[in-house]
Amino acid sequence: MPQMPKNVIKGGKEDLTQVLKDPKLFRTDAYIDGKWTQSSDGNTFKVFNKATQAELGTVPDMSAADTRKAIDAAAAALPAWREQSAKSRQDLLTKLFISLQDNAEDLAKIIVAENGKSLTEAKGEIAYSNGFIEWFAAEATRTYGHTVPAPLPGVRNVVIKQPIGVCGLITPWNFPAAMITRKLGPALAAGCTVVIKAPAETPYSALAIIELAERVGVPKGVINVVTCNKGEREAAVGKELCENSTVRKISFTGSTRVGKILMSQCAGSLKKLSFELGGNAPFIVFGDADLDKAVDGAIAGKFRGSGQTCICANRIYVHESVYAEFASKLAAKVDKFKVGYGMDEGVTHGPLVNQAGVDKVSQHVEQSVKGGAQVLVGGKRGEGLFYEPTVLSDLPDKVPMDDEETFGPLAAIYKFSSEEEVLKKVNDVPVGLAGYFYSKDVARCWRFAEKLEVGMVGVNAAIISQAVVPFGGIKESGFGREGGRDGILEYLVDKLMVFGV
Ligand code: SIN
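Residues numbered from 1 in each chain as written. Predicted model: local features only at pLDDT ≥ 70, side-chain atom pairs only at ≥ 80, totals over all residues.

Visitor: Looking at this structure, how should I read the overall build of the chain?
Guide: Per the secondary structure count, the chain includes 13 helices and 22 strands. Scaling as 2.2 N^0.38, a compact globule of 501 residues should have a C-alpha radius of gyration of about 23 Å, and the chain matches this with 23 Å. With 501 residues in all, the chain has 54% of them scored as buried. Contacts in the chain between residues far apart in sequence, at least 24 positions, make up 74% of those at least 6 positions apart. (Helix = DSSP H or I, 4+ residues; strand = E, 2+ residues; numbered from the N terminus. Rg over C-alpha atoms; globule rule 2.2 N^0.38 Å. Buried ≥ 20, exposed ≤ 12 C-beta atoms within 10 Å, placed from the backbone. Contact = placed C-beta atoms within 7 Å.)

Visitor: Explain the sheet that holds strand 15 (residues 390-393) to me, please; I cannot follow it from the model alone.
Guide: Adjacent strands of a sheet form backbone hydrogen bonds with each other and so pair up, either parallel or antiparallel. Here we have 7 strands laid out as an open sheet, ordered 14-15-16-13-12-18-19, and mixed in their pairing. With one partner strand each, in any of the chains shown, strand 14 (374-377) and strand 19 (456-459) form the two edges of the open sheet. Mean inter-strand twist for the sheet, computed between neighbouring axes without regard to direction, equals 20°. Both strand 15 and strand 16 (residues 410-416) contribute to a ladder of 3 bridges, which runs parallel. Bridge pairing links Leu 392 to Ala 412 in strand 16. Sheet strands touched by helix 9 (residues 291-303): strand 12 (281-285), strand 13 (313-319), strand 16 and strand 18 (434-438). Its angle to strand 18, the strand with the most contacts, is close to 165°. Contacts from helix 11 (residues 355-371) reach strand 14, strand 15 and strand 16 within the one sheet, and its direction differs from that of strand 16 by about 35°. (Pairing = 2+ DSSP bridges. Axes fitted to C-alpha atoms, helices over the stretch in contact; angles between N-to-C directions.)

Visitor: Please clarify how the UniProt feature "domain: Aldehyde dehydrogenase" (unreviewed entry) in the chain should be interpreted in this entry.
Guide: UniProt records the feature "domain: Aldehyde dehydrogenase" (unreviewed entry) for residues 36-495 in the present numbering. End C-alpha to end C-alpha, residues 36-495 measures 36 Å, and it is 40% helix and 21% strand. (UniProt positions renumbered as here; feature names shortened; annotations may be inferred.)

Visitor: I keep staring at the sheet that holds strand 6 (residues 155-163) and nothing clicks. Help me out?
Guide: With antiparallel pairing, the 3 strands of this open sheet are ordered in space as 5-6-22. Since the sheet does not close on itself, it has two edges, and those belong to strand 5 (146-148) and strand 22 (492-500), each with one partner. Strand-to-strand twist in this sheet, taken as the mean axis angle between neighbours without regard to direction, amounts to 25°. Where strand 5 lies against strand 6, 3 bridges are found, and the strand directions are antiparallel. Paired with Val 148 across the two strands is Asn 157, which belongs to strand 6.

Visitor: Could you clarify how one ought to interpret helix 8 (residues 256-267) in this entry?
Guide: The terminal C-alpha atoms of helix 8, which comprises 12 residues, lie 16 Å apart, in line with the 16 Å expected from a rise of 1.5 Å per residue. Buried residues along helix 8 sit against helix 7 (232-243), strand 10 (247-253), strand 11 (272-276), strand 17 (431-432) and strand 21 (478-479). (Expected span 1.5 Å × (residues − 1).)

Visitor: When you look at the site of the ligand in this model, what are you seeing that I'm missing?
Guide: Around the ligand, the neighbouring residues are Asn 174, Phe 175, Thr 253, Glu 276, Thr 309, Cys 310, Ile 311, Ser 465 and Phe 471. Both domain 1 (16-277 + 478-497) and domain 2 (281-466) contribute no fewer than three residues apiece to the shell around the ligand. (Near = placed C-beta within 6 Å. Domains from an automatic or database assignment.)

Visitor: Just to check I follow, could you spell out helix 5 (residues 178-190) for this structure?
Guide: Think of an α-helix as turning once every 3.6 residues; residues three or four places apart then point the same way. End to end, helix 5 covers 18 Å across 13 residues, agreeing with the expected 18 Å (1.5 Å per residue, within 8%). The buried count for helix 5 comes to 13 of 13 residues, which makes it a mostly enclosed element. Just past helix 5, the residue Gly 191 takes up positive phi, approximately 105°.

Visitor: Would you explain the packing of helix 9 against helix 10 (residues 323-335) in this entry?
Guide: Viewed as axis vectors pointing N to C, helix 9 and helix 10 meet at an angle of 50°, and their least axial separation amounts to 10 Å. The pairing of helix 9 with helix 10 is recorded here as oblique in orientation. Note on packing geometry: the crossing formed by helix 9 with helix 10 is right-handed. Residues Leu 291, Ala 294, Val 295, Ala 298 and Ile 299 of helix 9 form the contact with helix 10, whose participating residues are Glu 325, Phe 326, Lys 329, Leu 330 and Lys 333. (Parallel < 35°, antiparallel > 145°, perpendicular 65-115°, else oblique. Left-handed = near helix turned anticlockwise from the far one by under 90°.)

Visitor: Could you clarify how one ought to interpret the domain arrangement of the chain in this entry?
Guide: Interfaces are frequently sized by the accessible area removed from exposure as the parts join. The domains assigned to the chain are domain 1 (16-277 + 478-497) and domain 2 (281-466). Facing 18 residues of domain 1, the contacting portion of domain 2 comprises 18 residues. Contributing elements (two or more residues each) for the side of domain 1 that touches domain 2: helix 3 (104-115) and helix 4 (119-139). Per-element tally for the side of domain 1 that touches domain 2: the top contributor is helix 4, with 4 residues. Tallied by class, residues from the side of domain 1 that touches domain 2 come to 6 nonpolar, 7 polar and 5 charged. (Nonpolar A, V, L, I, M, F, W, Y, C, P; charged D, E, K, R; others polar.)

Visitor: Quick question: what am I supposed to make of the nonpolar core here?
Guide: Side chains of nonpolar character tend, in soluble globular proteins, to be buried together. Leu 93, Val 194 and Val 225 are the most contacted members of the largest nonpolar core, which has 85 residues in total. Setting aside anything within four residues of it in sequence, one finds Leu 93 in contact with Ile 133, Phe 136, Ala 137, Ala 140, Gly 185, Leu 188 and Ala 189. Counting 63 residues, the second-largest nonpolar core is a separate cluster that includes Ile 299, Val 353, Val 391 and Val 399. (Core = buried A, V, L, I, M, F, W, Y, C linked by C-beta atoms within 7 Å.)

Visitor: Can you walk me through the pairing of strand 19 in this structure?
Guide: Taking every second residue as pointing to the same face, the buried face of strand 19 carries Met 456 and Gly 458, while none of Val 457 and Val 459 on the other face is buried. The pairing of strand 18 with strand 19 spans 4 bridges and is parallel. Across the sheet, the residue bridging to Ala 434 is Met 456, located in strand 19. With respect to chirality, the unit in which strand 18 leads through helix 13 (residues 442-451) into the neighbouring parallel strand 19 is right-handed. (Right-handed = clockwise from strand over helix to strand, strands pointing away.)

What follows is the structure, encoded as structure tokens:
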């Protein structure tokens, strides 16, 4: 059995400033127009350590009216910011990158406390997160336009790229830092100003990043952060960002269900959208795969963030010829996990972020087992928000994972007999974010990678996320790409200038 935590839940209050080298990074106010600010009605809500359930502090529970102030501040800051040279924005983002790197350890500790992932994973997230600022600092000076030879006499065509304007950035709790920088980096590099809606579960990472942005001299109003609790306030803030016509673009990472609501709210003002939504990633192991590499890939691709990422493998399909061997090797590795509070020595995996997440994993396990699935490892709730990392084999015909993401530490191993059969099954879902497969057959690698209906494929690879490549999905996993060469284009619009000569 994986080692599970005992007596981790302490409750009470935790003073995060005691564990930070720079206690001032722990900011507990929202940030509007260059000022650390409360909500206009003084409402706040509490944020908890997901492992110990100690109260970390409070943040303002802001309203639609507060959001409007943030939007107005971003609009007021826009003309000067977009007029700065691309080089000066590049220099500022480079300063921010250096400052983020200098404070990496503290930023990782904030993630451990508010999200629950292990310190090793949190440090990995900060490296990933800071990479977006580094990458887009460089991209700021590469927003090339082009000229087009005209078919008409006496005409010259020039296309330039311009910042789209005020952007609303709505980010999730599973990568409290990286999902902010992935949007903030290209927006600022392009010359846009932003209003960030920080996730209720993990607002402190966003606020720490903004503290550093303020210190390096990002002008007031260029970045604004609104905090709000789940429920009515969150819905109102999201609606304001989507319906306010001053906001010209929304970049959202979250569920397909919420993505559809936001998209309809944006219709009235026809905003440009980038949506990175839910997935149901297949992970396929062919009979000719290097099994040890495939097992390592499944561990990395399934259990990253305790299974709480949009690209985590949700359905693991293994060829019948290697099914038993793969299942027992995977189970043996999961058995060695050490689950606990991410700051504790040797902890590999943390808790889930909320009770709804734990309940969902539990339901997926229970329904599968009721249908006849075998539990190879795990299968039970732990204390608080912990759930045992679980491996299920011999799945019955119908299990919840066929249709929805578990978003938790459950590896469900399906059996298949032929390439055609597995391709049909894995593509038969309405979403298509990421997919992975392992095979040594080169022809199959090309063929299968091209036919998988997803935006990103790992071929004998399960860690695919990098700042330098495009991240995004197809079908109901959304549209637009973040990171990579074209990530900045999401924040720019083309302007054609036709010159008569
Ligand atoms: C996500 O879960 O939404 C992002 C995952 C990643 O960037 O790797």
